[in-house]
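The residues making up each chain are set out below.
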Amino acid sequence: MVAPKVLALIGSLRKGSFNRSVFNFYKEMAAGSLELFEGTFHEFPLYNADIQDIGFPPSVQTLANQIKAADGLLIFSPEYNYSIPGVLKNALDWLSRLPEPPFKGKPCSILSASPGKLGGARMQYHLRQVAVTLDLKMMNAPEVMISGANKIINEGQIIDEGTKKFLKVHLDAFLKFVR
Ligand SMILES: Cc1cc2nc3c(=O)[nH]c(=O)nc-3n(C[C@H](O)[C@H](O)[C@H](O)COP(=O)(O)O)c2cc1C
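Computed from a prediction, not measured in an experiment: that's the story for all the values here.

Bringing the overall build of the chain into the picture now. A count of helical and extended segments in the chain gives seven helices and eight strands. For 179 residues, the compact-globule estimate of 2.2 N^0.38 gives 16 Å, and the chain sits close to it at 16 Å. With the C-alpha coordinates aligned to their principal axes, the bounding extent of the chain is approximately 50 × 40 × 25 Å. Out of the 179 residues belonging to the chain, those deemed buried represent 47%. Sequence separation of 24 or more characterises 81% of the internal contacts of the chain that already satisfy a separation of 6 or more.

As structure tokens, this is what we get:
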């Protein structure tokens, strides 16, 4: 069976990001069963309808094409002030304004990690609300909200076996969901 191609969006730009570490582990774990590649949006300007009127930035169109070509979308993101990090929301806002937004019916799941106790849960529910207007097809379960990420991830490596096993459970569910 051909491995589904899945695009990942990472809601943190920092090098030592816990969420990027989860992405890195997931990509390695999924190799062979799912082809996971990162879509970037750090070159997107802040959304401004005046820029849009001149023309969509090429970086927005590039990411949209990558999403369209993918079989699914995985979002790895932290929670900022109980919600979606601005960089990620800015990217979704740009992509949503395209004449043919790339999200319609696209299978999607969110994973979050935080040093805090709720593991980014509040961000996930805000993002699910946004997913309604984007018309993404959201996977409901399992929900991956990694709390205490500073104890579970060390120097970019997940050191907790339970978390690794749970990520595998998520991968199996997402593979079924995408197919
Ligand atoms: C502006 C800002 C707001 C934050 N708000 C929250 C929050 O509401 N909930 C939470 O669990 N962590 C919050 N944090 C802490 C992040 O979870 C923590 O910085 C985390 O390491 C960010 O993810 P990353 O490691 O992938 O960059 C916040 C961090 C920043 C910079």
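Read on for the rest.
Turning to the pairing of strand E4 (residues 107–113), a few remarks are in order. The buried fraction of E4 amounts to seven of the seven residues, a majority that puts the element mostly inside the structure. Burial along E4 is two-sided: the face carrying Pro107, Ser109, Leu111 and Ala113 and the face carrying Cys108, Ile110 and Ser112 are both buried. For strand E3 (residues 72–76) and E4, the ladder comprises four bridges, and the chain directions are parallel. Bridge pairing in E4 links Leu73 to Cys108. In this fold, the crossover linking E3 to E4 by way of helix H4 (residues 86–96) has right-handed handedness. In terms of strand pairing, E4 meets strand E5 (residues 137–138) through two bridges, oriented parallel.

Turning our eyes to something else, we now look at unusual backbone geometry. Residue Pro142 is reached from Ala141 by a cis peptide bond, and omega for that bond is 0°. Turning to its location among the elements, Pro142 is positioned in the loop between E5 and strand E6 (144–146). Phi at Asn81 takes a positive value of approximately 45°, unusual for a residue other than glycine. As for its placement among the helices and strands, Asn81 is situated in the loop between E3 and H4.

Within the structure, the ligand sits among 13 residues, and Ser12, Ser17, Glu79, Tyr82 and Ser114 are positioned closest to it. Phe18 places a main-chain nitrogen or oxygen 2.8 Å from an oxygen atom of the ligand. In isolation the ligand has 620 Å² of accessible area, and contact with the protein removes 71% of it. Taken together, the residues of the shell around the ligand sort by class into five nonpolar, five polar and three charged.

What follows covers helix H3 (residues 58–69). For an α-helix, the turn length of 3.6 residues means that residues three or four places apart are oriented alike. Here H3 contains 12 residues, and its C-alpha end-to-end distance of 17 Å stays within 8% of the 16 Å for a straight helix at 1.5 Å per residue. Ser59, Val60, Leu63, Ala64 and Ile67 are the residues of H3 that are buried. Within H3, the buried residues cover an arc of 135° as seen down the axis, which keeps them to one side. Exposed positions of H3 whose direction lies more than 90 degrees from the buried face are Pro58 and Ala69.

Moving on, we come to the pattern of salt bridges. Under the definition given, this model contains seven salt bridges. One salt bridge connects Lys164 with Glu161, and the closest N-O pair in it is separated by 3.5 Å. Residue Lys164 and its partner Glu161 are located together in helix H7 (residues 161–178), separated by three residues, close to a single helical turn. According to the relative accessible area criterion, Lys164 is partly exposed, its value standing at 23%. Across the salt bridge formed by Asp172 and Lys168, the nearest N and O atoms sit 2.9 Å from each other. You can see Asp172 and its partner Lys168 sitting in helix H7, four residues apart, about one turn around the helix.

Conventions and cut-offs
Residues numbered from 1 in each chain as written. Predicted model: local features only at pLDDT ≥ 70, side-chain atom pairs only at ≥ 80, totals over all residues. Heavy atoms only, no water. Helix = DSSP H or I, 4+ residues; strand = E, 2+ residues; numbered from the N terminus. Rg over C-alpha atoms; globule rule 2.2 N^0.38 Å. Buried < 20%, exposed > 50% of the residue type's maximum accessible area, 1.4 Å probe, protein only. Contact = heavy atoms within 4.5 Å. Pairing = 2+ DSSP bridges. Right-handed = clockwise from strand over helix to strand, strands pointing away. Near = heavy atom within 4 Å. Polar contact = N/O pair within 3.5 Å; in protein donor to acceptor, adjacent residues only side chain to side chain. Areas by Shrake-Rupley, 256 points an atom, 1.4 Å probe, with all protein chains shown as cover. Nonpolar A, V, L, I, M, F, W, Y, C, P; charged D, E, K, R; others polar. Expected span 1.5 Å × (residues − 1). Arc of directions from axis to C-beta. Salt bridge = Lys/Arg side-chain N within 4 Å of Asp/Glu carboxyl O.

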